[in-house]
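Breakdown of the fold
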Amino acid sequence: MAESRVTFCRICEAACGLVAEVEGDRLVRLRPDPEHVSSRGYACVKGVRYAELHDSPDRLRAPLRRDDDTRAPLPWATAYAEIGAKLRSLRATHGPDSVALFIGNPSAFSLPHSLALYGLARGLKTRNIYSSGSQDCNNKFLVSWRMYGSPAIQPVPDLARTGCLIALGTNPAVSHASFLHLPRPIAALREIEARGGAVWLVNPRRTETARALGKHVFIRPGTDVFLVLGLLHALIARGGVDDEALARHTRGFAAVAALAGAYPPARVEALTGVPAATVQAMADDHLAATRDGRGAALYCSTGVNQGGHGTLAYWLINVINAATGNLDRAGGVVVPRGIVDLPRIMRRIGLGIRRDRSSTGDFPAIMDTFPAAILPTEIERGAIRALIVSAGNPLLSCPDERGMRAALAKLELLVCVDLFRNETGNLAHYLLPARSFLERPDVPLSCHGFSPEPYVQYTDPVVPSALPGEWAIFDQLARAAGARLFGTRATAAIRLAQKAGMDSDAAVLSAVLAAGGLTRGRLRRRPHGLERPYTPGDFLGRRVMTPDRKVDLAPAEFTEAAGRELAAAIAEEEAAVGRLRLISRRERHGHNSWMHNAPSLVRDDKDTNHLDMHPDDAAARGLVDGARARVSSAVGEVELPVRITDALMPGTVAAPHGWGHAEADGLQVAQRTRGVNVNRLAPAGLGDLEPLTGMARLNGVLVDVEPSS
Ligand SMILES: Nc1nc2c(c(=O)[nH]1)N[C@H]1C(S)=C(S)[C@@H](COP(=O)(O)OP(=O)(O)OC[C@H]3O[C@@H](n4cnc5c(=O)[nH]c(N)nc54)[C@H](O)[C@@H]3O)O[C@H]1N2
Ligand SMILES: Nc1nc2c(c(=O)[nH]1)N[C@H]1C(S)=C(S)[C@@H](COP(=O)(O)OP(=O)(O)OC[C@H]3O[C@@H](n4cnc5c(=O)[nH]c(N)nc54)[C@H](O)[C@@H]3O)O[C@H]1N2
Ligand code: SF4
Ligand SMILES: [Mo]
């Protein structure tokens, strides 16, 4: 008899409710949880097929050490001791910064895991932390830090009430968005239209989302910052600025208004390809929803973040939200309270707010991390000698695979903590196995602050595992290296709980819940989630963390950079006329680099990525549907099958990332797929990175496409 256990998915921020059917300790099947307070019976194909990864014969089951070309299992104690000894000797000879960490995306879906990684970095006293943030969202952290006083303060659109959503560079139908908790994406966005609201989707590709709803607007890749300036210009011209809100809660608007003054919609049309009349119409919808009380929200995601001007664009988006009185207002953008007051806790313990800059490139530490694009240089020049990667695949996910590969091969110590031996893991000296999400307890904390309709949920492990959790792994590694997590004894309580037989991840979660006045017991009685409604209006004047508690609309760092960066962007656009720009695209069946080992997700023609091309661009190059194309950039080239589609703006080509598993013999299913890594084309030179954050430009890469010989 199968038994049903209620849990939730931890692949992406949507954290959809799942029901696991289990026989004894064996997982039989996963299905969506119809009673979940938020996802209400929704789950995507990756969530329900996760069993294929969980049960994969390729899962790492014991620590492995690589000796030449063989890999031998070894006991945990030996692995910790050997890695610890190497870390000690490197730190003694080359200093604490010679040991670096790479924090991969899935760690964000386990609080004990991400906390332990920061704890390990602090314990080892290294400032060399890298993460997927520089390929994803560091622009958002930097902007919030400067404007609101904490990187952890991230306003989110109040979708359930808004009268106008303008969303740039996102495809929630496939991705479920980011920095916005959004299960049931199509239903949630259609509800806005059903209420008579407007949904604008700005994207060089007519996405799956845009096919289902909304008003779609084509934009030339990398030019969103000009569109946002044009919107601000149009809103100011129409008297859309809320002078009272500005005076009470913000400072600096005049400087931004002056900047926007130079970008009337007609100029914006020339720069972005968005017709001036469309810019005006977007501003009209925004203004109407603001004035009639429903509220309006501007939002962007990775299409903008990774586009080369993500910081300026996100800054100006936040300026518009605040200047029109839509910040901290129902139907606008809201700043929900998490289970605990994360921004304040981070400030108290000094987490995520380091002020130093990188030696290479002089980039700020953002969330205490430096841009991954400089990691190869740091390794090559001998500054970094050991790297610990957890839940990441930097070889495939970062720009310039060739440079990254050469550098990783030079490390004296590479340790990967993962479910699998992925491409990066192939180069590792030690592999440490991680538990799948079905094997660990959790609270969807990472989504809590990003949901305008927050809830809390607790899940016990669905099936048991003999493997330790990441907290325990990093605690042991820290000790073996002669350090302590966070460099203090403060975590001794977790260790005591562990000695008394409690899982250390569970002990960490209990402590966090207790800080928020909750217990695991109480949440177990509400297995489908406990709603914690949030009423907007308690952020401005209360939770803003700048010194004067006002939102800084014109941080000097941004206003000073704007002139230079915008001029450079315009010059680049002019030089690129007639060239093709490559953008990224997510697929329903893939998740970054780590779902292609699930057999049913790569079946039939799903075993490769494609290069999507507009018919005119294809015809001009003699390419037909299904033909193989050679795509080359300043730093590399790949070959891909072409798919002709008028969903793309002419001049733009699109291909999904996360492919290129030909050498991944630790991933037997993925290895047989044919896709290629488009990040071979993405440049990682200092001049190619976004100047304010060092983020990689993964969207808008200049490429040439021709038939492959
Ligand atoms: N199925 C699936 N879901 C995922 C993931 C996955 O790999 N697969 N990854 C997860 C992760 S880690 C994240 S961060 C989120 C990301 O979630 P999203 O940010 O929604 O990611 P995408 O679906 O790639 O949407 C980005 C969109 O930007 C568009 N775009 C590209 N360049 C530009 C530009 O210059 N301007 C504008 N306006 N648009 C542009 C692209 O056409 C694309 O539709 O998704 C998460 N969910
Ligand atoms: N061209 C292009 N490149 C991109 C993007 C793009 O849009 N275009 N998107 C970027 C974005 S938004 C992101 S977030 C990055 C992601 O890039 P990364 O974070 O570097 O890597 P992923 O491909 O997500 O691989 C995650 C790894 O974590 C492992 N894993 C899964 N669960 C766990 C766990 O619980 N514990 C441990 N220890 N390991 C686990 C998986 O097996 C997998 O090997 O890629 C970026 N790269
Ligand atoms: S949308 Fe995200 S959280 Fe929901 S089932 Fe799919 S992968 Fe899991
Ligand atoms: Mo991401």
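In this numbering scheme, every chain counts its residues from 1 along its sequence in written order. The naming scheme follows written order: chains are lettered A onward, ligands numbered 1 onward. Local features in a predicted model are, by the rule used here, given only for residues with pLDDT of at least 70; side-chain atom pairs are given and counted only at 80 or more, and totals for whole chains, interfaces and linings are based on all residues. Side-chain measures were taken over the full set of non-hydrogen atoms in the model, leaving aside hydrogen atoms and water.

This paragraph deals with unusual backbone geometry. Its identity is not glycine, yet D400 carries a phi of approximately 55°, on the positive side. A run of H or I in DSSP counts as a helix once it spans at least four residues, and a run of E counts as a strand once it spans at least two, with each numbered from the N terminus. Relative to the assigned elements, D400 resides in the loop between α18 (394-397) and α19 (401-408). Although it is not a glycine, F486 sits at a positive phi angle of roughly 60°. Secondary-structure assignment places F486 in the loop between α21 (470-480) and α22 (492-499).

Among the structural elements, E380 can be located in helix α17 (residues 375-380). We call a residue buried when its accessible area falls under 20% of the maximum for its residue type, exposed when it is over 50%, and partly exposed in between, using a 1.4 Å probe and counting protein chains only. A relative accessible area of 40% means that E380 is categorised as partly exposed. Along the sequence, E380 and A567 sit 187 residues apart, while their C-alpha atoms lie 33 Å from each other. Sequence-distant contacts of E380, that is, excluding residues within four places in its chain, are made with A406, A407 and K410. Counting of polar contacts relies on pairs of N or O atoms within 3.5 Å, with two restrictions inside protein: one atom must be capable of donating a hydrogen and the other of accepting it, and residues adjacent in sequence are counted only when both atoms are side-chain atoms. At 2.7 Å, the side chain of E380 and the side chain of K410 are in polar contact. Any two residues whose heavy atoms approach within 4.5 Å are treated as being in contact.

A word on the sheet that holds strand β17 (residues 430-433). When DSSP finds two or more bridges between a pair of strands, those strands are recorded as paired. Pairing within the open sheet is mixed, and its seven strands lie in the order β5-β4-β17-β16-β15-β6-β7. Each having just a single partner strand, β5 (70-73) and β7 (129-131) make up the two edges of the open sheet. With strand direction ignored, the average angle separating the axes of adjacent strands in the sheet is 20°. Looking at chain direction, strand β15 (residues 386-390) and strand β16 (residues 413-418) are connected through five bridges and run parallel. With axes taken as lines fitted to C-alpha atoms, and helix axes fitted only over the stretch in contact, angles between N-to-C directions fall between 0 and 180 degrees.

That's the geometry; what it means functionally is another story.
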